[in-house]
Amino acid sequence: MTPSMMGRLVSVCLAAVVAAAGAAAAVDVTAVVKERQATMKQQAKDMGAIKAFLDGKGDQATAQTAATGLTQTTAKIPDLFPPGSDKPSPSGEFAPKAAIWTDWNKFLDAQKAAHSKAEALLAAVKGGDKAAIQTAFADLGKNGCGNCHTNFRQKLKP
Ligand code: HEC
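Scope of this entry: the structure provided in the associated data block. (Residues numbered from 1 in each chain as written. Predicted model: local features only at pLDDT ≥ 70, side-chain atom pairs only at ≥ 80, totals over all residues. Heavy atoms only, no water.)

Some words on helix H4 (residues 104-127)
Given 3.6 residues per helical turn, the α-helix brings residues three or four places apart onto the same face.
And then number 1: Here H4 is 24 residues long and its end C-alpha atoms lie 35 Å apart, about the 34 Å a rise of 1.5 Å per residue gives.
And then number 2: Of the residues trailing H4, Gly-128 is marked for its positive phi of about 85 degrees. (Helix = DSSP H or I, 4+ residues; strand = E, 2+ residues; numbered from the N terminus. Expected span 1.5 Å × (residues − 1).)

Listed below in structure tokens is the structure:
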């Protein structure tokens, strides 16, 4: 093979890789935006199940399942915000702020903080002491979910 043939072969391969990556990203955005709204809503539901237990309206087993869910969903948040997914959620109510991608490490810090607070909440729910659960619940809500929303979420509709 001559060097020029080699060069052409390499550029054909590169073009194929770039095209494949572009196609994958284009397909992913709609799905990922939908999945992240569903995941965020699931997190709100799980927080609600723990609140219900604190208020004497739900049982501990359900609260524990919800807290376990929160440790899993908070862990996968980075996968729900791939580059190029800067789009409003399907309901059009919320959108991610561009700062997620310009300040990715800060976003990851907010995600990691929420994840460790979810772990602490799960431990508290397993322990069953309502005062401890209340503290961990408020900490996750305000300094986990709330902190990330303040910095990285915008509300589009009132
Ligand atoms: C690391 C950042 C981050 C963390 C942590 C986080 N969120 Fe979010 N959340 C976002 C962003 C960004 C949006 C806007 C995108 C969207 O709505 O899909 C959002 C949207 C939402 C929405 C609105 C969904 C919609 O579009 O209808 C709810 C509800 C929500 N989050 C609940 C929670 C709860 C509950 C927690 C904590 C257990 C949490 N989130 C933790 C970043 C975060």
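Next, the rest of the story.
As for the site of the ligand
And then number 1: The full set close to the ligand counts 24 residues, and Met-40, Ser-89, Cys-145, Cys-148 and His-149 are the nearest of them.
And then number 2: The contact in question runs from a nitrogen atom of the ligand to an N or O atom on the side chain of Gln-43, over 3.4 Å.
And then number 3: At a separation of 2.8 Å, a nitrogen atom of the ligand approaches a polar side-chain atom of His-149.
And then number 4: Looking at the shell around the ligand, the elements with two or more residues in it are helix H1 (3-54), strand S1 (94-96), H4 and helix H5 (130-152).
And then number 5: Element by element, the count of residues in the shell around the ligand is highest for H1, at 7 residues.
And then number 6: Of the residues belonging to the shell around the ligand, the class tally is 14 nonpolar, 7 polar and 3 charged. (Near = heavy atom within 4 Å. Polar contact = N/O pair within 3.5 Å; in protein donor to acceptor, adjacent residues only side chain to side chain. Nonpolar A, V, L, I, M, F, W, Y, C, P; charged D, E, K, R; others polar.)

Description of the side chain of Gln-43
And then number 1: Within the secondary structure, Gln-43 sits in helix H1.
And then number 2: Look past the residues within four positions of Gln-43 in its chain and what remains in contact with it is Leu-70, Thr-73, Thr-74 and Ile-77. (Contact = heavy atoms within 4.5 Å.)

Some points on the coordination of the iron atom of the ligand
And then number 1: On the protein side, the iron atom of the ligand has Met-40 (SD) and His-149 (NE2) as donor atoms, found 2.1 to 2.4 Å from it.
And then number 2: With 6 donor atoms in place around the iron atom of the ligand and angles of 88 to 179 degrees between them, the coordination shape is octahedral. Here His-149 lies in helix H5 and Met-40 lies in helix H1, a separation of 109 residues in the sequence.
And then number 3: Of the residues examined, Met-40 reaches a relative accessible area of 28% and is grouped as partly exposed. (Donors = N, O, S within 2.8 Å, 3.2 Å for Na, K, Ca; no water. Tetrahedral: all angles 85-135°; square planar, octahedral: opposite > 155°, others 65-115°. Buried < 20%, exposed > 50% of the residue type's maximum accessible area, 1.4 Å probe, protein only.)

Some remarks on the nonpolar core
And then number 1: Residues Ile-50, Leu-70, Leu-121, Val-125, Ile-133 and Leu-140 are the most contacted members of the largest nonpolar core, which totals 18 residues.
And then number 2: Secondary-structure elements contributing two or more residues to this core are H1, helix H2 (60-76), H4 and H5.
And then number 3: For this core, the element with the highest residue contribution is H4, accounting for 6 residues.
And then number 4: Every residue in contact with Leu-70, bar those within four places of it in the chain, is listed here: Gln-43, Asp-46, Met-47, Ile-50, Ala-118, Leu-121 and Leu-140.
And then number 5: Counting residues in hydrophobic clusters, the runner-up holds 8 residues, among them Ile-100, Phe-107, Ala-110 and Phe-152. (Core = buried A, V, L, I, M, F, W, Y, C linked by side-chain atoms within 4.5 Å.)

Let's talk about the packing of aromatic side chains
And then number 1: Applying the stated criterion across every chain yields a total of 4 aromatic pairs.
And then number 2: Measuring from ring centre to ring centre gives 5.4 Å for Trp-104 and Phe-107, while their planes differ by 35 degrees; the resulting arrangement is tilted. Of the two residues, Trp-104 and Phe-107 both sit in helix H4, 3 residues apart, roughly one turn of that helix.
And then number 3: Overall, Trp-104 belongs to the partly exposed group, its relative accessible area being 28%.
And then number 4: Its relative accessible area of 2% is what places Phe-107 among the buried residues. (Phe/Tyr/Trp six-rings, centres within 6.5 Å; stacked < 30°, edge-to-face > 60°.)

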